[in-house]
Amino acid sequence: MKDGFSKLSKEEKLKQVVRLFDNPPQVLEEFKSYWHSDAATQKRFDEFSENTITNFYLPFGIIPNVLINNKNYMVPVVIEESSVVAAASKAAKFWSDKGGFKARVIDTQKIGQVHFIWLGEKQKLVDCFVSLHSELMINTAHLTANMQKRGGGIISIELVDMTVYESGYYQIKACFETCDSMGANFVNSCMEEMAIILTNWVENQSAFTEEEREVQIVMSILSNYTPDCLVQAWVECDVKDMHAAAKGLSADDFVCRFEKAVRIAQIDTHRATTHNKGIYNGVDAVVLATGNDFRAVEAAGHTYASRSGKYASLSEVQIKDDKFVFSLTIPLALGVVGGLTNLHPLVRRGLEMLGNPDARELMMIAATIGLANNFAALQSLTTTGIQKGHMKMHLLNILNHFEATQDEKNRAVEHFKNQKVSFSSVRDFLLAMRENVIPNS
Ligand code: MEV
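This structure is a prediction, so every number in the text was calculated from the model and none was measured. (Residues numbered from 1 in each chain as written. Predicted model: local features only at pLDDT ≥ 70, side-chain atom pairs only at ≥ 80, totals over all residues. Heavy atoms only, no water.)

Looking at the site of the ligand
Working step 1: Neighbouring the ligand are Glu-81, Arg-271, Thr-274, His-275, Lys-277, Gly-278, Asn-281, Ala-377, Leu-381, Ile-386 and His-390.
Working step 2: At 2.8 Å from an oxygen atom of the ligand is found a side-chain nitrogen or oxygen belonging to Glu-81.
Working step 3: At a separation of 2.7 Å, an oxygen atom of the ligand approaches a polar side-chain atom of Lys-277.
Working step 4: Looking at which element gives the most residues to the shell around the ligand, the answer is helix α9 (residues 269–289), with six residues.
Working step 5: For the shell around the ligand, a count of residues per class yields three nonpolar, five polar and three charged. (Near = heavy atom within 4 Å. Polar contact = N/O pair within 3.5 Å; in protein donor to acceptor, adjacent residues only side chain to side chain. Helix = DSSP H or I, 4+ residues; strand = E, 2+ residues; numbered from the N terminus. Nonpolar A, V, L, I, M, F, W, Y, C, P; charged D, E, K, R; others polar.)

Considerations on the domain arrangement of the protein
Working step 1: Structurally, the protein comprises domain 1 (5–48), domain 2 (60–106 + 229–385), domain 3 (109–223) and domain 4 (394–434).
Working step 2: Its C-alpha centre places domain 1 at a distance of 37 Å from the equivalent point of domain 2. (Domains from an automatic or database assignment.)

Re the pairing of strand β2 (residues 71–78)
Working step 1: Note that strand β1 (residues 60–68) and β2 share seven bridges and pair antiparallel. Directly across from Leu-67, in β2, lies its bridge partner Asn-72. (Pairing = 2+ DSSP bridges.)

Regarding the packing of aromatic side chains
Working step 1: The tally for this structure, following the rule as stated, stands at 20 aromatic pairs.
Working step 2: Taking 5.4 Å as the distance between ring centres and 75° as the angle between the ring planes, the aromatic pair formed by Trp-95 and Phe-375 counts as edge-to-face. In this pair, Trp-95 sits in helix α4 (residues 82–96) while Phe-375 sits in helix α12 (residues 359–381), placing the two residues 280 residues apart along the sequence. Across the pair, exposure class does not vary: Trp-95 and Phe-375 are buried alike.
Working step 3: Both rings, one in Phe-258 and one in Phe-324, keep their centres 5.3 Å apart while their planes meet at 80°; by these two values the pair is edge-to-face. Of this pair, Phe-258 sits in helix α8 (residues 251–267) while Phe-324 sits in strand β9 (residues 323–331), and the two are 66 residues apart along the sequence.
Working step 4: Take Phe-258: its relative accessible area is 0%, and that puts it in the buried class. (Phe/Tyr/Trp six-rings, centres within 6.5 Å; stacked < 30°, edge-to-face > 60°. Buried < 20%, exposed > 50% of the residue type's maximum accessible area, 1.4 Å probe, protein only.)

Right, here's the structure in full:
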């Protein structure tokens, strides 16, 4: 057990960590080699988190040609899976000739809850709630004033009776508009304040018995499930225009297979999970590049995917009157102010690259990339299979694993244009090349 690790300086922390390795001096230098050369920038990165000893690099890439609501974007993405970027780029290009993507924000409400136990006579609480409601509004005004100036604040507050599940369990459920911020801190502060207001209010209710003047606050926190912070992205075209995506199939056969693939993800939980993972490949990559909380986004999305009581596909396809319509509807609580958005230099550049969108526009962009990835995955899965493209993209990683030189990489890329890529086929190719069995062409 190491007590007080967080109190050590960064150097001291590093020294403790490298003791775990066989060659501490070398590992120390290696960790340090990832520090930023500018001390102020490095300090900023260190302060993003706790117990930081170095930086962990991830690629910052671009999906070009993303046409959304007639506006063209270069979308920044942070992800380690090259095929995700390639697939979304290909889908974006494909749809840009067909009017591009369309997107709309359905709503932007966030939710906070005070979970409490009160063992009094239910009807009394229900009857007095109007007075509690006004206390909650008035006494949180100091917290909500700024948000209100920006057009947001508390939208509604309700009392939720949960006593059928747990004796005396109620919630104060508040809905918020948090404008351009994701709003987690704002909502949490309001909910903690509401818990105090509730406690005081209960203590002062003359209509309550002495026992009823006691409330147990269990917890006060936002809910990451935001089914009313919802965005939809879609593409549509004539079925015959899907020919270009059909990879040898007829347009009709292709859309039929595509529809079946989505249908399967609506029926089968195993497939739905992978299907939705493919969507979040794209969504998370935008969310990360723009400094947002991908864990919150994923948690909300997967809960939303289960809203019918069964986990299912987040995307839908409709083929009607020879029109193909493919859409994605997901909850997305995103911000463009606060958190990392103003602090991380590359997040700032990412947002700038998108033309400094507001939160609503960013929701539409992230959902669109999710849809693009889902489209590309289903296109491959229902035609050539996924591995062909995946392994081609993975080739460089395998070559790097074997420490291939640039010349070896060039030759391997050429060779595998028409060959199946696998870990062993690349290894064998390199071995043969290194033993000069494959002549330099
Ligand atoms: C891989 O990261 C994502 C896919 O598995 C998604 C899917 O199967 O739909 C290709």
